[in-house]
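Survey of secondary and tertiary structure
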Amino acid sequence: MASGTGKPPPREIGEPVAAAAAEDEAQLVDGAEEGEDAFDIPSKNASHDRLRRWRQAALVLNASRRFRYTLDLERDEQNENLKRMIRSHAQVIRAAFLFREAGQKGLGESYIGITFEALSQKFPIGLQKLTMLNRDHDAIILQEVRGLSDLLKSSLDTGIIPNEDELLQRRDIFGANTYPRKKQRSIWRFVFEACQDLTLVILMVAAAISLSLGIATEGVKDGWYDGGSIFFAVFLVICVTATSDYRQSLQFQHLNEEKQNIQVEVIRGGKRIGASIFDLVVGDVVPLKIGDQVPADGILISGHSLAVDESSMTGESKIVHKDQKAPFLMSGCKVADGYGSMLVTGVGTNTEWGMLMANLSEDIGEETPLQVRLNGVATLIGIVGLSVAGVVLVVLWIRYFTGNTKYPDGTTQFLAGTTGVKHGFMGAIRILTVAVTIVVVAVPEGLPLAVTLTLAYSMRKMMRDKALVRRLSSCETMGSATTICSDKTGTLTMNKMTVVEAYLGGTKLDPCDNTGMMCNSVTDLLIEGIAQNTTGCVFSPEDGGAPEVTGSPTEKAILSWGLMIGMNYEDVRSKSSVLHALPFNSEKKRGGVAAQVSVAEVHIHWKGAAELLLASCKSWLSTDGSVQPMSSDKHSEFKKLIDDMAMKSLRCVAFAYCPWELKMVPREDLDKWKLPEDDLTLIGMIGIKDPCRPGVRGAVQLCTTAGVKVRMVTGDNVETAKAIALECGILDANDVASEPTIIEGKVFREMSEAAREEIADKITVMGRSSPNDKLLLVQSLKRKGHVVAVTGDGTNDAPALHEADIGLSMGVSGTEVAKESSDIIILDDDFTSVVKVVRWGRSVYANIQKFIQFQLTVNVAALVINVVAAVSSGDVPLNAVELLWVNLIMDTLGALALATEPPTDNLMKRNPVGRREPLVTNVMWRNLFIQALYQIAVLLIFNFDGRRILHLQNESREHSNKMKNTFVFNAFVFCQIFNEFNARKPEEKNVFRGVTGNHLFMGIVGVTTVLQILIIEFLGKFFETARLNWRSWLFSVAIGAVSWPLAYLGKFIPVPARPFQDYFKHCSPWRRSRQAYSDGAPAWGLHILQMKSRAARAEN
């Protein structure tokens, strides 16, 4: 009965079927020989083949529900084909325009050749013309950017007027920067999917037959109860299931919208402000920097070394350089290098990206390793349940048709030749409904869905803890993390930087903004370098208020210090013009700019890591403005100043320059000009203070206790990194302050792969590291068996974020490229939030284990009780409607109660959960067997001897049997209600700790108890139960309550360290396979897969 939604990819035309079949079979056999488990997938980047394999091996009764939150493989392939089609369509259109004759100039005039007298009208250029301009990318049509900005009533310097009416008007005329979203599925869709469960369909058919036969034989008044009660129970199951699934869907939808809401910078009214990508309008001026996503279609206004990765639109991994010759920017592309600004000319569905997104069907499905492993567990349990149900069905039918099944009054139910066809058929249908209901209880369809339930709950709560989950599997994997490689700046520190120490002309400034003793030429040169060599900006309000500084924290600190020493930002920038710029590079740790200061003179300014820039300086500037040679003594003196600042945990930045002649600047291919970086003159150095975040030390200590090693990987000076690591608690005074505990990135990079792997475990602090060094460290740690979490914020961190088991990008300082490569976005850039993610990751795993323990206990008890009773007496104490109610308690309500338990402090006192550790631990097996054996023993005693124990001998046989079965049903339900408390704390003796804090758990327990009372006291006709007296109520509640002391005492029983599953591997008939079982999932899934594959080929 295995089922799946994914189909194999289409064969290439002309491919021999036999050869393809042989290839598929070889792959399957190879997988089997390697001992691969169909239900074991990697946490990241699983191939479609691996994803298909587990779907085909799973036993599924309701595919539409079971596979709802998994990746739709068919739709994924359709989306890829659609992307290719739209890309090629756009490229064909663009190519056609490029081949047109030069006579196209006339057409260009029809776009731009508008008399400026017409500017009195609102936006002389219309939407259609703008759309064609964006689509055709024709420079002839474009002519001049400034002319276009005038037509759009926008200033290239100050942007549009930040007026709400103005923005609204632009949206009405040119459209909004949004695209049509797929409509949220209504609750009726979820009801329909819940109805597709095969067992529920069979039950509804059986109920319909029972209803019609009952009314025909007993009349409407009494004949509708049997069929009607099953209909009612099925209806209740469907309603609760659909409501729960609908709520989950809403949560996932909300989280998906959060992921798409990118924050961008925009210039409006001359001021840089933050805005949602959805708020951009045509005419906006948007600054771009490395790592940004181009938020709309537009034209480059100005830029330096601007390079864009257009692979998302063209499908080709090619970096395209942008300048005035190629000024068109496409929405959805990423800035790979440089910086600049753009004029927005197209938004929303008027862009190729918007058209692409509007046509793609959104698919938030993604299976997680835990979810797939649970499908394996569900398949194993389901096969056992199906087998048991089959045995029960056969035994009951044999007993029934041979006359060995009796009514409660002692009369035989079926006598051959005497009993009517309708009565005989009714009895057979009643037995079938019991067997099918056993399947409903036995096949834990809700087990894999409990993962999505706890993930939806955890993701919503993690948002409150400032963590946005982009990839579901990362929630689980984070609970297994053994090491966290963290950035320093902004993660461990506050990212609120201020200049606290400064050296200018070889002299310390005291205070750091006192430049009184400096020659004006020195100060002017420094201020020129600060104002021109920056990606930040200073906005001076017209009302004379305090200047507003924007940019990265380091840029803001330097610009703020520049203002303190007398910099007039606008005035300085107007006196010189930037010819070429090289933005700060995390590999070289420096950034430079060439500024023309006179007709023939150019100043090349550099800013960057102090000790690296110092190594490039051949001279230094003294306080009187004279240039002095850099002697070895002076070099050592400057080096000592840098080390002293670093040991105070200050970030050291140096400023240097070199004069250049304008005639030496290349006139063509200026973007390819490599700025001179040797023979520099040192102007000065500053020390920037970035204090540790409050709570970081405690968070690091918590990680250490939890068995998670925190490593600092930073681009800062080794001494600065060491000082911050000591302050944060990553290092303590007893640690060896030498290699390999503290290592420089360059040293690690130059080692052999084997040497890197050998020392990776010992590294605690890596200073002056490049993004590639971080990637090498991640790879070495993974080869050592670690589950690695990595934080990153820069574009160059993307490979390490992608390579790590869990990539954590920074929400505030992180680039869009880093965010897209990550699994989780830390919204406040705080390391304490990273630790909260670890806590939630462990909570996901722990909650699933609680639910498994609870569900398996109900499975085992219900199956054994019904099988033993059926085989021995021909009747079952729990009828179809009662079993459906038990299934509701166990499945949907149980998952809601246990999968939404908040994380506890005890979770961070355990070691990380290994990747291959079994889902059902020895502790869980112990708890499960104790509770299941108790329930089976007590309830079977009451089933066989209940009339005597409950003093019902004087009652009629029919009434006493009904009372006895009602008591067994009531006691069984209360056993589950009390055992739900035990499942909360599988390893702790006090199962009540924190229970009142979980309002949902208490609410579900309360609702279950009230409904049970209503069922027994008022719904007897539907459930075939009788009212119980107060003694029986107390007795059945007491039977359930015994599970509490039993669980407490059971936890004193020691369990072996070796997992129980390992003992069964050696006696398994499949032991010749290298891996017969893995975490409860059987290796015969591959044999099923082989048989299915051959069957599919036979059909073809």
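Everything in this summary refers to the structure shown in the same document. Counting of residues starts from 1 at the beginning of each chain's written sequence and follows it residue by residue. Totals for whole chains, interfaces and linings use every residue, but because this is a predicted model, local features are given only for residues with pLDDT of at least 70 and side-chain atom pairs only at 80 or more, for both listing and counting. Working from all heavy atoms in the structure, the side-chain values ignore hydrogens and water.

What follows covers the overall build of the protein chain. Strands are runs of DSSP state E lasting at least two residues, helices are runs of H or I lasting at least four, and both sets are numbered from the N terminus onward. On a plain count of helices and strands, the protein chain comes out with 40 helices and 28 strands. In the protein chain, buried positions account for 54% of the 1100 residues. Pairs at least 24 apart in sequence give 74% of the contacts found in the protein chain among residues at least 6 apart. Where accessible areas are quoted, they stem from the Shrake-Rupley method and a 1.4 Å probe; at the residue level, only the protein chains shown are allowed to cover. Carbon and sulfur atoms form 57% of the exposed surface of the protein chain, whose accessible area is close to 46200 Å². Think of it in three bands: residues with accessible area under 20% of the maximum for their type are buried, residues over 50% are exposed, and the middle band is partly exposed, with areas taken using a 1.4 Å probe on protein chains only. When checking whether two residues touch, look at their non-hydrogen atoms; a contact exists if any pair is within 4.5 Å.

Right, let's talk about a nonpolar patch on the surface for a bit. Taken together, the side chains of Val1007, Val1010, Leu1011, Leu1014 and Phe1018 present a nonpolar region at the surface, about 440 Å² in accessible area. As for its placement among the helices and strands, leucine 1014 is situated in helix 35 (residues 999-1018). Leucine 1014 gets classed as partly exposed once you look at its relative accessible area, which sits at 35%. Here, patches come from residues exposed beyond 30% relative accessible area and free of salt bridges, joined within 9 Å for like charges and within 5 Å for nonpolar side chains (Val, Leu, Ile, Met, Phe, Trp, Tyr). We define a salt bridge as a contact between a side-chain nitrogen of Lys or Arg and a carboxyl oxygen of Asp or Glu at a distance within 4 Å.

A word on the nonpolar core. In terms of nonpolar packing, the biggest core is built from 146 residues, with Ile824, Phe831, Ile852 and Phe972 touching the most fellow members. In terms of residue count, the dominant contributor to this core is helix 31 (residues 831-873) (19 residues). Sequence-distant contacts of isoleucine 852, defined by excluding residues within four places in its chain, comprise Leu374, Leu447, Leu919, Val920 and Met924. To qualify as a nonpolar core, a set must consist of buried Ala, Val, Leu, Ile, Met, Phe, Trp, Tyr and Cys residues joined through side-chain atoms within 4.5 Å. In this structure, Leu152, Phe174, Leu280 and Ala296 belong to the second largest nonpolar core, which totals 36 residues.

Before going further, it helps to spend a moment on the pattern of salt bridges. Close approach of charged atoms allows side chains of opposite charge to pair. A full pass over the atoms with the stated rule returns 34 salt bridges. The residue arginine 651 makes a salt bridge to aspartate 716 at a minimum N-O spacing of 3.1 Å. With arginine 651 in strand 19 (residues 650-661) and aspartate 716 in the loop between strand 21 (709-713) and helix 25 (718-728), this pair connects stretches of sequence that are 65 residues apart. For arginine 651, a relative accessible area of 19% gives the class buried. Classification of aspartate 716 as buried rests on a relative accessible area of 6%. Within this structure, Asp487, Lys774 and Asp797 form a network of salt bridges that share partners.

Attention shifts here to the side chain of serine 576. Mapping serine 576 onto the fold places it in the loop between helix 21 (569-575) and strand 14 (577-585). Note on serine 576: relative accessible area 8%, which makes it buried. Here glutamine 532 takes part through its side chain, which lies 2.7 Å from a polar atom of the side chain of serine 576. We call two N or O atoms a polar contact when they sit within 3.5 Å, provided that within protein one can donate a hydrogen and the other can accept it, with sequence-adjacent residues counted only if both atoms are side-chain atoms.

Stacked, edge-to-face and tilted are the three classes for Phe, Tyr and Trp ring pairs, Trp counted by its six-membered ring, which pair at centre distances within 6.5 Å; planes under 30 degrees apart are stacked, over 60 edge-to-face, the rest tilted. Taken as a whole and judged by the stated rule, the model has 16 aromatic pairs. The interplanar angle of 75° and the centroid separation of 6.0 Å between the aromatic rings of tryptophan 620 and phenylalanine 638 together place this pair among those described as edge-to-face. On the criterion of sequence distance, the pair formed by tryptophan 620 in strand 17 (residues 617-621) and phenylalanine 638 in helix 23 (residues 632-647) is long-range, its members being 18 residues apart. Exposure remark for tryptophan 620: the relative accessible area of 12% places this residue in the buried category. On the basis of relative accessible area, phenylalanine 638 is assigned to the buried category, the value being 3%. Here tyrosine 1048 and phenylalanine 1052 contribute two aromatic rings whose centre-to-centre distance is 5.5 Å and whose plane-to-plane angle is 75°, an arrangement assigned as edge-to-face. A relative accessible area of 41% means that tyrosine 1048 is categorised as partly exposed. An aromatic cluster is defined as three or more aromatic residues linked by ring pairs; in this entry it consists of Phe978, Phe981, Phe992, Phe1001 and Trp1044. A ring is scored as having a charge over it whenever the NZ atom of a lysine or the CZ atom of an arginine sits within 6 Å of its centre and within 35 degrees of its normal. Stacked on the ring of tryptophan 620, the Lys or Arg lysine 634 has its end atom at 4.4 Å from the ring centre.

Contact geometry of helix 15 (residues 369-401) with helix 31 gives a least axis separation of 10 Å together with a crossing angle of 10°. By the angle class used here, helix 15 and helix 31 are roughly parallel. Counted together, Leu370, Arg373, Leu374, Ile381, Gly385, Val388, Val392, Val395, Leu396 and Arg399 of helix 15 and Val844, Tyr845, Ile848, Ile852, Leu856, Asn859, Leu863, Val867, Ala870, Val871, Ser872 and Ser873 of helix 31 form the full contact between these two elements. Of the residues contributing to the contact of helix 15 with helix 31, the split by class is 16 nonpolar, four polar and two charged. The angle between two axes is taken between their N-to-C directions and runs from 0 to 180 degrees, where each axis is a line fitted to C-alpha atoms and a helix contributes only its stretch in contact. Throughout this description, any angle smaller than 35 degrees is read as roughly parallel, any larger than 145 degrees as roughly antiparallel, any in the 65 to 115 degree range as roughly perpendicular, and the remainder as oblique. Three classes are used: nonpolar for Ala, Val, Leu, Ile, Met, Phe, Trp, Tyr, Cys and Pro, charged for Asp, Glu, Lys and Arg, and polar for all others, with Gly counted as polar.

This paragraph deals with the pairing of strand 19. Counting buried positions over the twelve residues of strand 19 gives nine, a clear majority of the element. Two strands pair under a simple rule: DSSP has to find at least two bridges between them. Bridging between strand 16 (residues 601-609) and strand 19 involves nine bridges; their strand directions are antiparallel. Residue histidine 603 lies in a different strand from strand 19, and its bridge partner there is proline 659. Where strand 19 and strand 20 (residues 680-689) come together, eight bridges link them in antiparallel fashion. Across the sheet, alanine 656 pairs through a bridge with leucine 682, a residue of strand 20.

Moving on, we come to the sheet that holds strand 8 (residues 467-469). With mixed pairing, eight strands are arranged side by side in an open sheet as 8-26-25-24-9-21-23-22. Across the chains shown, the open sheet's two edge strands, defined by having one partner strand only, are strand 8 and strand 22 (742-744). Neighbouring strand axes in the sheet, compared pairwise and without regard to direction, differ in orientation by 20° on average. Summarising the sheet, strand 8 and strand 26 (residues 824-826) pair through three bridges and their orientation is antiparallel. The residue bridging alanine 467 from the neighbouring strand is isoleucine 826, located in strand 26.

Among the secondary structure elements, serine 155 is positioned in the loop between helix 8 (145-151) and helix 9 (164-174). For serine 155, a relative accessible area of 26% corresponds to the partly exposed category. It is 8.9 Å that separates the C-alpha atoms of serine 155 and glycine 270, two residues lying 115 residues apart in sequence. Of the polar contacts made by the side chain of serine 155, one reaches the side chain of threonine 158; its length is 3.1 Å.

Taken residue by residue, helix 27 (residues 753-760) has Arg756, Ile759 and Ala760 as its buried positions. Looking down the long axis of helix 27, one finds its buried residues gathered within 110° of arc, a one-sided arrangement. In helix 27, the exposed positions that point more than 90 degrees away from the buried face belong to Ala754 and Glu758. Residues of helix 27 that are buried in the fold lie against strand 21, strand 22, helix 26 (745-749) and helix 28 (771-783). It is the directions from the helix axis to the C-beta atoms that the arc portrays.

Turning our eyes to something else, we now look at the pairing of strand 25 (residues 806-810). Burial runs high along strand 25: five of the five residues are buried. The sheet contact formed by strand 24 (residues 788-792) and strand 25 spans four bridges and is parallel. Looking at the pairing, alanine 789 lines up with isoleucine 806 of strand 25. Note on handedness: a crossover is taken as right-handed if, strands pointing away from the viewer, the path from the first strand over the helix to the second is clockwise. Considered for its hand, the β-α-β crossover made up of strand 24, helix 29 (residues 798-803) and strand 25 is right-handed. As paired strands, strand 25 and strand 26 are joined by three bridges and run parallel to one another. Across the sheet, the residue bridging to leucine 808 is isoleucine 824, located in strand 26. Since strand 25 and strand 26 lie parallel, the crossover through helix 30 (residues 816-821) that links them has a hand, and here it is right-handed.

Below, the discussion takes up the environment of valine 593. As for its placement among the helices and strands, valine 593 is situated in strand 15 (residues 590-596). Classification of valine 593 by relative accessible area gives buried; the value is 1%. Distance in space between the C-alpha atoms of valine 593 and lysine 607 is 9.1 Å, their sequence separation being 14 residues.

Moving on: unusual backbone geometry. The residue after aspartate 510, namely proline 511, is reached through a cis peptide bond having omega -5°. By secondary structure assignment, the location of proline 511 is in the loop between strand 11 (507-508) and helix 19 (520-532). You will see that serine 305, though not glycine, has its phi angle at about 55°, which is positive. Considering the arrangement of structural elements, one finds serine 305 in strand 4 (residues 297-309).

Right, let's talk about the environment of glycine 608 for a bit. With respect to the secondary-structure elements, glycine 608 resides in strand 16. Its relative accessible area of 6% is what places glycine 608 among the buried residues. Along the backbone, glycine 608 and serine 586 are 22 residues apart, and their C-alpha atoms lie at a distance of 9.8 Å. Beyond its immediate chain neighbours, meaning those up to four positions away, glycine 608 contacts Lys589, Arg590, Leu613, Cys652, Val653 and Ala654.

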